[in-house]
Amino acid sequence: MQNKIKKNPTEIRTWLLILAMVCLVLFIYSGLTNSSFINIDDDLYVYENSNVINGLSLDGVKWAFTDTKTNHWFPLTWLSLMLDAQIYGMNPGGFHFTNILFHIINSILIFFLFSKLTGEFWKSAAVALLFAVHPLHVESVAWITERKDMLSSMFWAGAIIIYIDYTQKRGIWKYLMCALFFVFSLMSKQMAVTLPFLLLIIDFWPLKRLSYRSVFEKIPLFAIAAAISVATFMIPKTQGALYSMKTFPIGTRIINAVASYFLYVKKSIIPIDLAIFYPYRDGGPEAILVAAGIMLILFMTLFAIVKYKTRPYLAFGWFWFSGTLVPVIGLVQIGSQSMADRFIYFPITGLFALFIWLVADIVKDNKNAEKAALAVFLVVITAFTFTAKAQTQYWKNSITVFERAINVTENNFTAHKNLGVALVRDSQFKRAFSHFQECLRIAPEYGNDIYLNMGGAYLMNFILDFNPDPDALTIQLLEQQIQGLEKSIMYYKKELSSHPGKQKALKGLKMATHAIISMRKIMEYEISDTSVTRSEFLNILKLKAGFMPYDNKIWYYAAKLEASSGRLDRACNYFQKIKDKGLLTKAENDSDLQLLFSTGEGNKLKTWCGK
């Protein structure tokens, strides 16, 4: 008789659900592996942070646990980014891939959390599917800097799952593991300070064990949360990142918080016009938004309290959502945003649970209503999936993400500024200046910061435009480039008039001044082939090299200038830089560089370097 192994139907459907979520997440986000870093925070956190760039090391680990200059304390997030740098180098696609993996893990954890908490497979599956595909999560997944959202949420969910086990069979080790995961969550992002409060909500429903004893057992967790809250408040305060009551008065913060609750719920239902940055409106949010927020908060809170016996999931879902948002709702203002999609990454789960359990309660015992609800749910999942995928297209690079923000918001100083910076780096200088001018219109009080960018734009324009080949230059072209550098100097001086010691402005001013001096000497000698002009060309090439160290043309023309002066040893040193940077093959195939090897100096150089 042949033994037949029967598979548990629950196990099969669990694996099918996991497979479906993995496929949906990959469908939405796989294109991000071709996206770039974003020039807001990604520079500070990743591609200009030497501690991250160098990968994992003892010094890096020490720095991760002691750094406060970035206004936050999240060592596990730093270690995660360092590990990515160790594996992928500075390839942004690798960092994006890790973010996608974390989102898949979190979607699976949300399912197990609700399934373990309630014993309801299909309702838990519905919550997890909404979590996996909701467009509001695109910011957290697509923005490499927001690794902290997903890492923190992973430990947050893990702590809750362990706590559920603890309530079923108490043990000190389970409690300590729950506390440890709580600490890990806080070491990824401090928003998780609300976990003890959330555990009390879970004690109320569905565990139904809320008592003085259950409150008492949370005291160690509340103590951890209090300590981290104080540190979170003090670190940005010492670094000047915590906005004062003068900048954002308490009244403005309260009405913005009230309006934000309404907008978060609205965007959860209709996720359109999403942006990387939502600015504060002049005079605060519109009165109608504030009124809608007040009505929403009062209605949902009173409704949840009145129905706490017959429909306890209302209080569970509403207070999960509203309570976990408190740390980032803006009462303590870190950053100048009025709200942010990323803040809702974990809190939105409460709204999902409220919605799913409410709909299931309404349609129960009515087969036709259940079928209709299922059909609507599938339509919603499909719509959210394609909306989220479309939203990822705006996260290709800094230009696309800030253009989108400008299109869906008004008077967005931050978006105009960062788009201008991105356009400068893309050599689109005219477009960049138009956005810098818009910044000056929106917030003239921040003009000095924009002057620094405008000075840098003119300098970068010269750096990119200057042709290192003496044969390609004319007096007229040099005059045009000098005019641009003079504008750069003008803007740097405007910046320094208010901030005399600003290093970026001082450095830019020095470089622009030296470039002008060199070009005027070249003009004085009418671009003739003399030792003076060769020396000045080398000075300019060194300026370019400071901005563009991997531009092989710089080193080749530097080698040509030195070789033409008979200094073959110096020429060989420049030639060696190309070899060391692994650019030799690419450079030899560059049509602009073929002429170098056909010249007498080029042949001498090849012989001298033993090529």
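Described below are features of the structure shown in this document.

Analysis parameters
Sequence order as written defines the numbering, with residues in each chain counted from 1. Side-chain atom pairs in this predicted model are given and counted only at pLDDT of 80 or more, local residue features only at pLDDT of at least 70, and totals for whole chains, interfaces and linings cover all residues. Each side-chain value is derived from all of the structure's non-hydrogen atoms; neither hydrogens nor water enter the calculation. Fitting a line to C-alpha atoms yields each axis, with helices limited to the stretch in contact; the angle taken between N-to-C directions then spans 0 to 180 degrees. Numbering goes from the N terminus for both helices and strands, where a helix is a DSSP run of H or I of at least four residues and a strand is a run of E of at least two. We call two directions roughly parallel when the angle between them is under 35 degrees, roughly antiparallel when it is over 145, roughly perpendicular when it lies between 65 and 115, and oblique otherwise. If you view the pair so one helix is near and one far, a crossing is left-handed when the near helix is turned anticlockwise from the far one by less than a right angle, and right-handed when it is turned clockwise. Residue contacts are counted whenever heavy atoms from the two residues lie within 4.5 Å of one another. Note on residue classes: Ala, Val, Leu, Ile, Met, Phe, Trp, Tyr, Cys and Pro are nonpolar, Asp, Glu, Lys and Arg are charged, and everything else, Gly too, is polar. Here, a salt bridge means any side-chain nitrogen of Lys or Arg that lies within 4 Å of a carboxyl oxygen of Asp or Glu. Exposure classes here rest on a 1.4 Å probe applied to the protein chains alone. A residue is buried below 20% of its type maximum, exposed above 50%, and partly exposed in between. A pair of aromatic rings is counted whenever rings of Phe, Tyr or Trp (Trp by its six-membered ring) have centres within 6.5 Å, and the orientation is called stacked for planes under 30 degrees apart, edge-to-face for over 60 and tilted otherwise. Charge-over-ring placement is defined geometrically: NZ (Lys) or CZ (Arg) within 6 Å of the ring centre, and within 35 degrees of the ring normal. Working definition of a nonpolar core: buried Ala, Val, Leu, Ile, Met, Phe, Trp, Tyr and Cys residues. They are joined through side-chain atoms within 4.5 Å. What a helix is expected to span follows from its residue count: subtract one and scale by 1.5 Å. Any N or O atom pair separated by 3.5 Å or less is treated as a polar contact, with the protein-specific requirement of one donor-capable and one acceptor-capable atom, and with residues adjacent in sequence counted only for side-chain atom pairs. Patch criteria: residues need more than 30% relative accessible area and no salt bridge. Like-charged residues are merged within 9 Å; nonpolar side chains of Val, Leu, Ile, Met, Phe, Trp and Tyr are merged within 5 Å. Here the open area of atoms and residues is found with the Shrake-Rupley method and a 1.4 Å probe, where only the protein chains shown may cover a residue.

Another point: the packing of helix α9 (residues 147–168) against helix α11 (residues 195–204). Where α9 contacts α11, the two axes come as close as 11 Å, and the packing angle between them is 40 degrees. Taken as axis vectors, α9 and α11 run oblique relative to one another. The chirality of how α9 crosses α11 is right-handed. Packed against α9, whose contacting residues are W156, A159, I160 and Y163, the element α11 presents L195, L198, L199, I202 and D203 at the interface. In the contact of α9 with α11, the residues fall into 8 nonpolar, no polar and 1 charged.

This part covers the pattern of salt bridges. Within this structure, the stated rule accounts for 17 salt bridges. Among the ionic pairs, D165 bridges to K116, the shortest N-O distance being 3.0 Å. Highlighted residues: D165 in helix α9 and K116 in helix α6 (residues 92–118), separated in sequence by 49 residues. Taking relative accessible area as the criterion, D165 reaches 25% and is therefore assigned partly exposed. Linked through salt bridges whose partners overlap, the residues forming this network are E139, E146, K148 and R342.

We now examine the packing of aromatic side chains. This model, assessed by the stated rule, comprises 33 aromatic pairs. Judged by centre distance (4.8 Å) and plane angle (90 degrees), the rings of F121 and W122 are edge-to-face. Residue F121 is classed as buried on the basis of its relative accessible area of 8%. Taking the centre distance of 6.4 Å and the plane angle of 40 degrees together, the rings of F204 and Y308 count as tilted. Residue F204 is found in helix α11, and its partner Y308 is found in the loop between α15 (287–306) and α16 (312–324); the two are separated by 104 residues along the sequence. For F204, a relative accessible area of 25% puts it in the partly exposed group. Here Y308 falls in the partly exposed class, since its relative accessible area comes to 39%. Taken together, the aromatic side chains of F114, W156, W205, Y313, F316, W320, F346 and W357 make up a single cluster linked through ring pairs. Positioned over the ring face of F121 is R13, at 4.1 Å from the centre of the ring. Positioned above the aromatic ring of F27 is the side chain of K389, whose terminal nitrogen or guanidinium carbon lies 4.8 Å from the ring centre.

What follows is about the environment of I270. Tracing the sequence through the fold places I270 in the loop between α14 (250–269) and β1 (278–279). With 134 residues separating them in the primary sequence, I270 and L136 have C-alpha atoms 9.8 Å apart.

Let us look at the packing of helix α20 (residues 413–425) against helix α21 (residues 429–442). It is the contact of α20 with α21, at a shortest axis distance of 8 Å, that shows an interaxial angle of 160 degrees. Comparing their axes, α21 and α20 come out roughly antiparallel. At the point where α20 passes α21, the crossing takes the left-handed sense. Listed contacts from α21 to F413, H416, K417, L419, G420, V421, L423 and V424 of α20 are F429, R431, A432, H435, F436, E438, C439 and I442. Among the residues forming the contact of α20 with α21, the class breakdown is 10 nonpolar, 3 polar and 3 charged.

This part takes up the nonpolar core. Most often, soluble globular proteins keep nonpolar side chains buried together rather than apart. In this structure, I160 and I276 are the most contacted members of the largest nonpolar core, which totals 172 residues. Looking at this core element by element, the count peaks at 13 residues for α9. Setting aside anything within four residues of it in sequence, one finds I160 in contact with L113, L195, L198, L199, I202, W320 and F346.

Here the focus is α6. Taking 1.5 Å as the rise per residue, α6 with 27 residues should run 39 Å; its terminal C-alpha atoms sit 39 Å apart, in good agreement. Of all 27 residues in α6, 20 are buried; the element is thus mostly enclosed. Sitting at the amino-terminal end of α6 is N91, which places a side-chain oxygen 3.1 Å from the backbone nitrogen of G93. A positive phi of about 75 degrees marks G119, the residue just after α6.

Bringing helix α17 (residues 348–363) into the picture now. Taking 1.5 Å as the rise per residue, α17 with 16 residues should run 22 Å; its terminal C-alpha atoms sit 23 Å apart, in good agreement. Those residues of α17 that are buried lie in contact with α6, α7 (121–133), α14, α15, α16 and α18 (367–392). Just downstream of α17 lies D365, where phi reads positive at about 70 degrees.

This next bit is on the environment of W320. Mapped onto the elements of the fold, W320 is located in helix α16. Here W320 falls in the buried class, since its relative accessible area comes to 0%. The spacing of W320 and T194 is 126 residues in sequence and 9.4 Å in space, taken between C-alpha atoms. Residues contacting W320, with those up to four places away along its chain left out, are L113, F114, I160, L198, I201, A315, F346, P347, T349 and G350.

In the segment running from W205 into P206, the intervening peptide bond is cis, with an omega of 10 degrees. Tracing the backbone shows P206 in the loop between α11 and α12 (212–216). Look at D273: it is not a glycine, yet its phi comes out positive at around 55 degrees. Note on placement: D273 falls in the loop between α14 and β1. We classify D273 as partly exposed; its relative accessible area is 39%. For D365, which is not glycine, the phi dihedral falls at a positive 70 degrees. Its place among the elements puts D365 in the loop between α17 and α18.

Our focus in this paragraph is the environment of F316. Relative to the helices and strands, F316 is located in helix α16. For the pair formed by F316 and G350, sequence separation is 34 residues and the distance between their alpha carbons is 7.3 Å. Contact partners of F316, with chain neighbours within four places excluded, come to F114, L117, I201, I202, W205, P206 and A353.

Its location among the elements puts D149 in helix α9. Residue classification places D149 among the buried residues on the basis of a relative accessible area of 4%. Side chain to side chain, D149 and S140 meet in a polar contact 2.9 Å long. Contacts of D149, omitting those with residues within four sequence positions, involve S140, K189, R342 and Y345.

Before going further, it helps to examine the side chain of T349. Turning to its location among the elements, T349 is positioned in helix α17. Overall, the relative accessible area of 0% leaves T349 in the buried class. Here T349 is in contact with I110, F114, V127, F131 and W320, once residues within four sequence places are set aside.

A contiguous nonpolar surface patch, about 400 Å² in accessible area, is contributed by L56, V61, F65, L83 and I87. For the nonpolar patch, the secondary-structure elements that each account for two or more residues are α4 (58–66) and α5 (75–88). Checked against the element boundaries, L56 lands in the loop between α3 (50–53) and α4.

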